[in-house]
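Residues per chain are reported as follows:
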Amino acid sequence: MNSGRRNANAGNPNAGNANARIGYIAFNTFREAVRDRVLYNLIAFALLLSGASILVGEISIDVERLVVVNLGLTAVSLFGVVIAIFIGIGLVSKEIDKRTLYTVLSRPVRRWEFVVGKFFGLTGTLVVNTVLMAIGVLLALLYVAHRFEKMDAWVLVALYFIVLQFLIVCALALFFSSFSTPLMSAVFTFALFVIGSLAEDLRGFARITQGVGGWIATAVAYLVPNFSALNVISQVAHGDAVPGRLILYNTLYALLYSAMAISGAVLIFQRRDLK
Amino acid sequence: MAAIEILDLEKSYLVGFWRKRPKLALRSLRLTIEEGEVFGFLGPNGAGKTTTLKLLMGLVFPTAGSARILGLDMDDPRVKSQIGFLPEQPYFYDHLTARELLNYYGQLSGVPAKGRAARVEQMLARVGLSDSAGMQLRKFSKGMLQRLGLAQAILHDPKLVFLDEPMSGLDPMGRREVRDMIQELRHEGKTVFFSTHILSDAEALCDRVGIIHQGELRGVGAVAEVTSQKQGKVEIVFCAQAVPAGLTSLGAEARVSGDMVNAVLPEEQQDAALEVLRRERLKLISLTPVRRSLEEYYIQKLRPTEGQREREEDRKGVGA
Ligand SMILES: Nc1ncnc2c1ncn2[C@@H]1O[C@H](COP(=O)(O)OP(=O)(O)OP(=O)(O)O)[C@@H](O)[C@H]1O
Ligand SMILES: [Mg+2]
C-alpha cells in the first residue's frame, strides 16, 4: 500500500522521506507525553512497589520472590494499559478537536505517516516507562532476595510480553478512536483487554460448546487479541521457564495484530473529513 | 502556469442526527489564480471561504470536482512542500515553545537541518516573536498564536501561501505588519490566496478579489478595475460656513461640517462649480472623482441573483 505512494514522492527532494517524518512525529508525541507528566505515574508505582516489598519482607520468608514478581509485573501491566488506553484514544482525536492537525497535514505528511508516527511515539513512551518500572521491580527483587538468580531472566521475558501487550492496546485504542468517541473507544479497548486476557479460557469453552454457540465462541475467541498468551506473570513468578517458541510466536502475533489494527485505523482516518 | 486551478469544486456536509441531510457548503466553484497574484477571497460569515481552503489543503474531501495546485493534482504529495497554510484561529501543540514548534514544522516540511535553526530565528523575528520564542504556547495570547501561524506558513519558503483571515485577532500594529508581509511576499514573486472580512485590507493588497456568498462565487474582479470605475461624479471640498446657492442649483448634494463643505455633483458641472467658488472667493481644498469602492462592489455582489432566487424558491418548494 505504501510503496506506491513512496514512489510518487521519489522525484521530489524537498519532500524528504516518510521514515524521517514518522520519526519526528513519534518524537513529538513522546515529548508531549513527558511534558504532560505522564511519567509521574512512576512515583505511584515506586511507592506501591517499595511499600509492598517492605511489607512482604516483614511477614514471610519463602514467598517474597513470588509476591514481588507477581505484584510488580501486574502493576507494570496495569499502569501501562491504563496509560496506553488514555493516551491512545486521544492521540488522533485530540489533534482533530484542537485542530493542531491542520498545520501538520498541510505539510508533506501523509495521513498514514501521522497515525504511524503517533503510534510509535506512544509505544516509545510506554517502553521508556516500562524500562523504568522494570528497574524498580528488579531492585525490589534484589531487596527481598538479596541476589539475582538465573530464573530471574524469565522476569525480563515477562516484561517483554507486557510491552507486546501495550503495542496491541495502543493499536486498538487508535483503531477505535478513528471512528468513535473517546469515551466509547476507552470502553471498547478496555473491554477487549479484559476479554483478551481470558482468551485461553474462551478457547477452551469454545471447544466444548456445540452448534452455533460453539461457532460464535470460537470466532470471538480467535478474533479478540490473545492477551492471556502474553501473560506469563504467574509462571515466571514461580520460576518456570518460558519456551523459546512462545517468545517467537508472541512476537509475531503482537506485531501482526497491531499492524492490522493500525491499518484499520489508517484506512478509516484516510477517508475522514477533519472537522 | 496557473498557481491554483479550481475545477468545479463542490462540498456538502452531511448534517442532522443520522448525518443524512446534505448541506451544501460550496457550490461548484471554478476559479483560476495566476502565479504571483495576490488574491482576496471575500464573503460574509458562513460563505464557504474556510471550506474552500480546507478542501484545497486536503483536510476535507470534495463531494465533486477537483483542483490543481502549481500544476499538480491537489492531493499529490509533492504539492505540500511548496505551499504554506495559515488556518483560521490557529492552534498549536501547547506543550511546545514557539521555537520548538517551528523547528518541528521545519523538519516535517523537509527544511534541511543545516540552516534550519537560523531560519526559525529569522521567522520568529519577522513576526515579532523573538522575545517569546522560548515560552510554551499554552501561555500565548490569541494574537501571538496568529503571528506564530504566519511564521509557520512561510517557514519553508513556499511558492504559494494560503491564509485564512490573516489579520484576525491582531492589534493595529500587527495588522499593519501582516499587510507589509503580504506585500513582501508579492515582491518575492509568491502567490498569496487569502480570505478576509476586512475590505480595506483586500483593497490595499489584492490584485484580484473573488466574492463568495452562500457557497457560491458571485464575482471575480481586478481591484484596480473595480475601484477605478468612475461614477460620473466629483467630490468638492472647500471652506465655507454654508452651501452657496449657486452650487445647489447645479444639482450638488452638499453637507456642511464645521467651516467645511463637502459637495458631490455631476462631473459635467465641475467647471461651473469651480466658477461659483471663485466668484464667492471660497477656498478650495480638494476635488476628486468619486470612485466606486470595493465595499460597493462587494455589497452589489451579495444581492441575490436571479438564479439564486429561483433556487431559493425551489428549496422552499422541496422543503414544504
Ligand atoms: N464540519 C461541518 N459540518 C457541517 N457544516 C459545516 C461544517 N463546516 C462548515 N460547515 C458549513 O459550511 C458553510 C461554510 O462554512 P465556512 O466555514 O466555509 O464559512 P466561512 O466563509 O469561512 O465563514 P467565516 O467568515 O465565518 O469564517 C457554513 O454554512 C457552515 O455551517
Ligand atoms: Mg472561515
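Residues numbered from 1 in each chain as written. Chains lettered and ligands numbered in written order. Predicted model: local features only at pLDDT ≥ 70, side-chain atom pairs only at ≥ 80, totals over all residues. Heavy atoms only, no water.

Q: Can you explain the overall build of chain B? Please cite residues and give values.
A: Helix and strand counts for chain B stand at eleven helices and 14 strands. Structurally, chain B occupies a C-alpha span of about 75 × 60 × 40 Å along its principal axes. Considering chain B as a whole, with its 320 residues, one finds that 47% of them fall into the buried category. Across chain B, the fraction of contacts at a sequence separation of at least 24, relative to all contacts at a separation of at least 6, is 67%. Summed over its atoms, the accessible surface of chain B is roughly 15300 Å², and 49% of this surface lies on carbon and sulfur atoms. (Helix = DSSP H or I, 4+ residues; strand = E, 2+ residues; numbered from the N terminus. Buried < 20%, exposed > 50% of the residue type's maximum accessible area, 1.4 Å probe, protein only. Contact = heavy atoms within 4.5 Å. Areas by Shrake-Rupley, 256 points an atom, 1.4 Å probe, with all protein chains shown as cover.)

Q: Provide a residue-level description of the overall build of chain A, including the pertinent values.
A: Within chain A, the secondary structure is distributed over 13 helices and zero strands. Relative to a compact globule of 275 residues, whose C-alpha radius of gyration would be 19 Å, chain A shows 21 Å and is just as compact. Each of the three principal axes of chain A carries a C-alpha extent, and together these read 65 × 55 × 35 Å. Relative to its full complement of 275 residues, chain A shows a buried share of 51%. Here the analysis covers contacts within chain A between residues at least 6 apart in sequence; of these, 82% occur between residues at least 24 apart. Total accessible area on chain A is roughly 12900 Å²; 71% of this is exposed by carbon and sulfur atoms. Here chain A carries 22 positive and 14 negative side-chain charges, and the mean point of each set is 15 Å from the other. (Rg over C-alpha atoms; globule rule 2.2 N^0.38 Å. Lys, Arg positive; Asp, Glu negative; His and termini not counted. Charge placed at Lys NZ, Arg CZ, Asp CG, Glu CD.)

Q: Requested: an account of the sheet that holds strand β8 (residues 191–196) of chain B, with residues and values cited.
A: Residues and elements named next belong to chain B. With respect to topology, six strands assemble into an open sheet ordered β6-β7-β8-β3-β9-β10, the strand pairing being mixed. Sheet topology places β6 (83–86) and β10 (216–222) at the edges, where each strand pairs with a single neighbour. Across the sheet, the mean angle from the axis of one strand to that of its neighbour is 15 degrees, orientation sign disregarded. This element, helix α1 (residues 49–56), spans β3 (38–42), β6, β7 (160–164), β8 and β9 (208–213) of the sheet and lies at about 145 degrees to β7. Against the sheet, helix α10 (residues 294–302) makes contact with β3, β9 and β10, and its axis sits at roughly 35 degrees relative to β9, the strand it touches most. (Pairing = 2+ DSSP bridges. Axes fitted to C-alpha atoms, helices over the stretch in contact; angles between N-to-C directions.)

Q: Requested: an account of unusual backbone geometry, with residues and values cited.
A: Positive phi, close to 65 degrees, is recorded for Arg-99 of chain A, a residue that is not glycine. Position of Arg-99 of chain A among the secondary structure elements: in the loop between α5 (90–98) and α6 (102–105). In this structure Arg-99 of chain A comes out as partly exposed when scored by relative accessible area, which is 21%. We note that Arg-281 of chain B has phi near 55 degrees; this positive angle belongs to a residue other than glycine.

Q: Account for the pairing of strand β13 (residues 260–266) of chain B, naming residues and giving values.
A: Residue and element names in this part refer to chain B. In this sheet, β13 lies alongside strand β12 (residues 253–257) in antiparallel orientation, the contact comprising five bridges. Across the sheet, residue Glu-253 finds its bridge partner in β13, namely Val-264. From the end of β12 to the start of β13, which pair antiparallel, there are two residues, and Gly-258 there has a positive phi angle of about 65 degrees.

Q: Explain the sheet that holds strand β1 (residues 2–15) of chain B to me, using residue names and the numbers behind them.
A: Residues and elements named next belong to chain B. With respect to topology, four strands assemble into an open sheet ordered β2-β1-β4-β5, the strand pairing being antiparallel. The open sheet has two edge strands with one neighbour each: β2 (21–34) and β5 (72–73). Examined bridge by bridge, β1 and β2 share ten bridges and lie antiparallel to one another. By the bridge assignment, Leu-9 is partnered in β2 with Leu-29. Each of β1, β2 and β4 (64–69) is contacted by α1, which is oriented at about 110 degrees to β1, the strand it contacts most.

Q: Let's hear about the nonpolar core: which residues, and what values?
A: One recurring pattern in soluble globular proteins is that nonpolar side chains are buried together. Residues Phe-114 of chain A together with Leu-56 and Phe-162 of chain B are the most contacted members of the largest nonpolar core, which totals 154 residues. Sorting elements by how many residues they give to this core places helix α8 (residues 153–177) of chain A first, with 17 residues. Sequence-distant contacts of Leu-56 of chain B, defined by excluding residues within four places in its chain, comprise Ile-4, Ile-6, Leu-9, Ala-67, Ile-69, Met-74 and Phe-162 of chain B. Judged by nonpolar contacts, the second largest core, of 13 residues, contains Val-234, Ile-236, Ala-240 and Ala-273 of chain B. (Core = buried A, V, L, I, M, F, W, Y, C linked by side-chain atoms within 4.5 Å.)

Q: Any chance you could break down the environment of Leu-287 of chain B for me, citing the residues and the numbers?
A: All names here are of chain B. Take Leu-287: it is sitting in strand β14 (residues 283–291). Of the residues examined, Leu-287 reaches a relative accessible area of 27% and is grouped as partly exposed. Along the chain, Leu-287 and Val-237 lie 50 residues apart, while their C-alpha atoms are 6.5 Å from each other.

Q: Summarise the coordination of the magnesium ion (ligand 2); cite the residues concerned and give the values.
A: As a benchmark, a tetrahedral metal site with four donors has ideal angles of 109.5 degrees, while an octahedral site with six donors has ideal angles of 90 or 180 degrees. Residue and element names in this part refer to chain B. Here the magnesium ion (ligand 2) is held by the protein donor atoms Thr-50 (OG1) and Glu-88 (OE), which lie 1.9 to 2.5 Å from it. Placement of the pair is Thr-50 in helix α1 and Glu-88 in the loop between β6 and α2 (98–108), with a sequence separation of 38 residues. Residue class for Glu-88 comes out partly exposed when judged on its relative accessible area of 26%. (Donors = N, O, S within 2.8 Å, 3.2 Å for Na, K, Ca; no water.)

Q: Give me the lowdown on the site of ligand 1, citing residues and values where you can.
A: All names here are of chain B. Taken together, 15 residues lie around ligand 1, and Lys-23, Gly-46, Lys-49, Thr-50 and Thr-51 are the ones closest in. Between an oxygen atom of ligand 1 and a side-chain N or O atom of Glu-88, the distance comes to 2.9 Å. In this structure, His-197 approaches ligand 1 through a side-chain N or O atom, which is 3.0 Å from an oxygen atom. Here ligand 1 loses 71% of its free accessible area of 630 Å² to cover by the protein chains. Secondary-structure elements contributing two or more residues to the shell around ligand 1 are β1, β2 and α1. Partitioned by chemical class, the residues of the shell around ligand 1 number five nonpolar, six polar and four charged. (Near = heavy atom within 4 Å. Polar contact = N/O pair within 3.5 Å; in protein donor to acceptor, adjacent residues only side chain to side chain. Nonpolar A, V, L, I, M, F, W, Y, C, P; charged D, E, K, R; others polar.)

Q: Requested: an account of the interface of chain A and chain B, with residues and values cited.
A: With 33 residues of chain A at the interface, the matching set in chain B holds 35 residues. For the pair chain A and chain B, the two sides together bury roughly 3100 Å², of which 52% comes from carbon and sulfur. Of all residues in chain A, Tyr-24, Arg-35 and Arg-107 of chain A give up the largest surface area on contact with chain B, accounting jointly for 21% of the area buried on that side. At the junction of chain A with chain B, the criterion picks out four salt bridges. (Buried area = accessible area lost by both parts, 1.4 Å probe. Salt bridge = Lys/Arg side-chain N within 4 Å of Asp/Glu carboxyl O.)

Q: Give me the pattern of salt bridges: which residues, what numbers.
A: Residues and elements named next belong to chain B. Under the defined criterion, the tally for this structure stands at 23 salt bridges over all chains. Put simply, Arg-78 and Asp-76 hold a salt bridge, and the shortest N to O gap is 2.9 Å. With a relative accessible area of 30%, Arg-78 lands in the partly exposed category. Residue Asp-76 is classed as buried on the basis of its relative accessible area, which comes to 14%.

Q: An account of the packing of helix α4 (residues 64–88) of chain A against α8 of chain A is needed here, citing residue identities and associated values.
A: Residue and element names in this part refer to chain A. The contact between α4 and α8 brings their axes to 8 Å, and the two run at 20 degrees. Regarding the angle of α4 to α8, the classification is roughly parallel. The handedness of the crossing between α4 and α8 is right-handed. Together, Arg-65, Val-69, Leu-73, Val-76, Ser-77, Gly-80, Val-81, Ala-84, Ile-85 and Gly-88 of α4 and Val-155, Ala-158, Leu-159, Ile-162, Gln-165, Phe-166, Val-169, Cys-170, Ala-173, Leu-174 and Ser-177 of α8 make up the contact between the two elements. (Parallel < 35°, antiparallel > 145°, perpendicular 65-115°, else oblique. Left-handed = near helix turned anticlockwise from the far one by under 90°.)

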